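For reference, the chains in residue letters:
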Amino acid sequence: IGEDWAEAQKKTANYDESKIPAYTLPALLTTRDGAKITTAADWTAERRPEVLALFQEHVYGRTPGNWGKVSFETREVKKDALGGKATRKLIHISLPEHPAWAGMEVMLYLPNGLKAPAPCFVGPSFGGNHAVSTEPDVPLSTRWMRPNKEKSIVDNHATEASRGNESSRWPLEMIIGQGFAVATYYYGDIEPDHVDGWKDGLRAVLSKDGAATEWKNGDWGAIGAWSWGLSRIADYLETDADIDAKKLAVIGHSRLGKTSLWTGAQDQRFGIVISNNSGEGGAATMRRNYGETTAIITKAFPHWFTKTYAGYGDNEAACPVDQHMLIALAAPRPIYIASAVDDQWADPKGEFLSGLNAEPVYVLFGKKGYGVTEPPAVDTPVGDAIGYHMRTGKHDVTDYDWTQYLRFAKKHFGQ
Ligand code: GTR
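Each value, and the rule that gives it
Residues numbered from 1 in each chain as written. Predicted model: local features only at pLDDT ≥ 70, side-chain atom pairs only at ≥ 80, totals over all residues. Heavy atoms only, no water. Axes fitted to C-alpha atoms, helices over the stretch in contact; angles between N-to-C directions. Helix = DSSP H or I, 4+ residues; strand = E, 2+ residues; numbered from the N terminus. Left-handed = near helix turned anticlockwise from the far one by under 90°. Contact = heavy atoms within 4.5 Å. Nonpolar A, V, L, I, M, F, W, Y, C, P; charged D, E, K, R; others polar. Buried < 20%, exposed > 50% of the residue type's maximum accessible area, 1.4 Å probe, protein only. Pairing = 2+ DSSP bridges. Expected span 1.5 Å × (residues − 1). Bend = angle between axes of the 7 residues up to and from the residue.

Caption draft 1: Spatial organisation of the packing of helix H2 (residues 40-60) against helix H7 (residues 255-266). Where H2 meets H7, the axes come as close as 11 Å, and the angle between the chain directions of the two elements is 145°. The two elements H2 and H7 cross, and the hand of that crossing is left-handed. Judged by residue contacts, Arg48, Leu52, Phe55, Gln56 and Tyr60 of H2 engage Trp262, Gly264, Ala265 and Gln266 from H7. Residues of the contact of H2 with H7, tallied by class, amount to five nonpolar, three polar and one charged.

If you want it as structure tokens, here you go:
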């Protein structure tokens, strides 16, 4: 069970709208004891904390609070990166009270010549900093990596051939060219992405006894741990005078899109939240049995979530949350959900619907959502404080996606 098994399920999953069993979404604006929420103040004071706690308990688990001091060490500042267009900084983040964790390597690209501190996109990578960038002097990650199709990963480690193999998903020159910084880290710095990975990652280090002996209902999963890493980057960025830390946009693709959404829900320092093809366990409506389901994802990737979540496989109706409530946790901050038409596994319509069904919370804040109630035609972005598009093509991050994110970020950050 794992990646290959999930791949095989793609062939037999349901892709027929008429075969989706009827479902009722949990009420967004009614508290657990039945009170109706009618104002933004009551959402913020009462319902929001309740919904956040429900996601902790039932889906992603609780982030522990025991990591202590966070230290930042800037290991490189290269002022003529990207042919002189950018400054590249490499920052090592570690926990002095938990030396068993090897820390994380953050790569930050800043546009050169800006007159004001830069707004910044913050997102994790699948392949490491050397895979995001094509620059030959970015240190190769030495951490455990999943095998990949291009075979540039040998014995679960990166090789010289891995350089730049994720760069099409990170159009650095385009982002820098529009006045935005980018901060990224390899998600495996926090935890290797396999079912036993937590034993070699931060979750074990921060567990009570410092060793991975038990994983209980409510304990955080890998998505929670990867999210924690993004929040530590925000900690760093708040200390960097070149960055406008009031203008951070968290972004992620696929499993890391789930991570981006959970980060935005927990950490309100991120002023914009972006979900690229996040699918099941991300933006896709949990109760819609279309493409990947709760049963499939919790079998293939149980480690991503809290243990409790697996109990909702084929039993979503019993879960007190659905993913529109996760989108609503971003409110009133702008959020962008992107789908791809050939990514039916991620259920594009289900991703659209979570944004649509989160809208009542945005309305409480006087904000506008999509402005439409049906998924738009392909390559036709819609929305105001909640943005959405369904791109032509497959499960991926493309320049088209980034064009929309940059437009959205400029508009909402007033750049
Ligand atoms: C798939 C998984 C999806 C998505 C994807 C990815 O195998 O079923 O939920 O997370 O992996 O992260 O690329």
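Caption draft 2: Inspection of the pairing of strand E3 (residues 104-111) at higher detail. Of all eight residues in E3, seven are buried, a share of seventy percent or more. Here strand E2 (residues 86-94) pairs with E3 via eight bridges, running antiparallel. The partner of Lys89 across the bridge, within E3, is Leu108. As paired strands, E3 and strand E7 (residues 181-186) are joined by three bridges and run antiparallel to one another. Looking at E7, one finds that Leu108 is bridged to Ala183.

Caption draft 3: Layout of H2. Under the 1.5 Å per step criterion, the end-to-end length of H2 is only 25 Å for 21 residues, more than 12% shorter than the ideal 30 Å. The axis of H2 is deflected most strongly, by about 40°, at Arg47, and proline Pro49 appears within four residues downstream. The set of residues buried in H2 consists of Ala40, Trp43, Arg47, Arg48, Val51, Leu52, Leu54, Phe55, Gln56, His58, Val59 and Tyr60. Tucked into the core, H2 has its buried residues touching helix H6 (222-237), H7, helix H9 (323-328) and helix H10 (348-364). Positive phi shows up at Gly61, right after H2, with a value of about 90°.

Caption draft 4: The arrangement of the sheet that holds strand E4 (residues 118-125) in detail. Here we have ten strands laid out as an open sheet, ordered E1-E2-E3-E7-E4-E8-E9-E10-E12-E11, and mixed in their pairing. The open sheet has two edge strands, strand E1 (71-81) and strand E11 (382-383), and neither has a second partner. The strands that H7 touches are E4, strand E8 (243-253), strand E9 (270-276) and strand E10 (335-340); relative to E8, the one it contacts most, it runs at about 140°. On top of the sheet, helix H11 (residues 399-413) reaches E4, E8, E9, E10, E11 and strand E12 (386-391); it is set at about 160° to E9, its chief contact.

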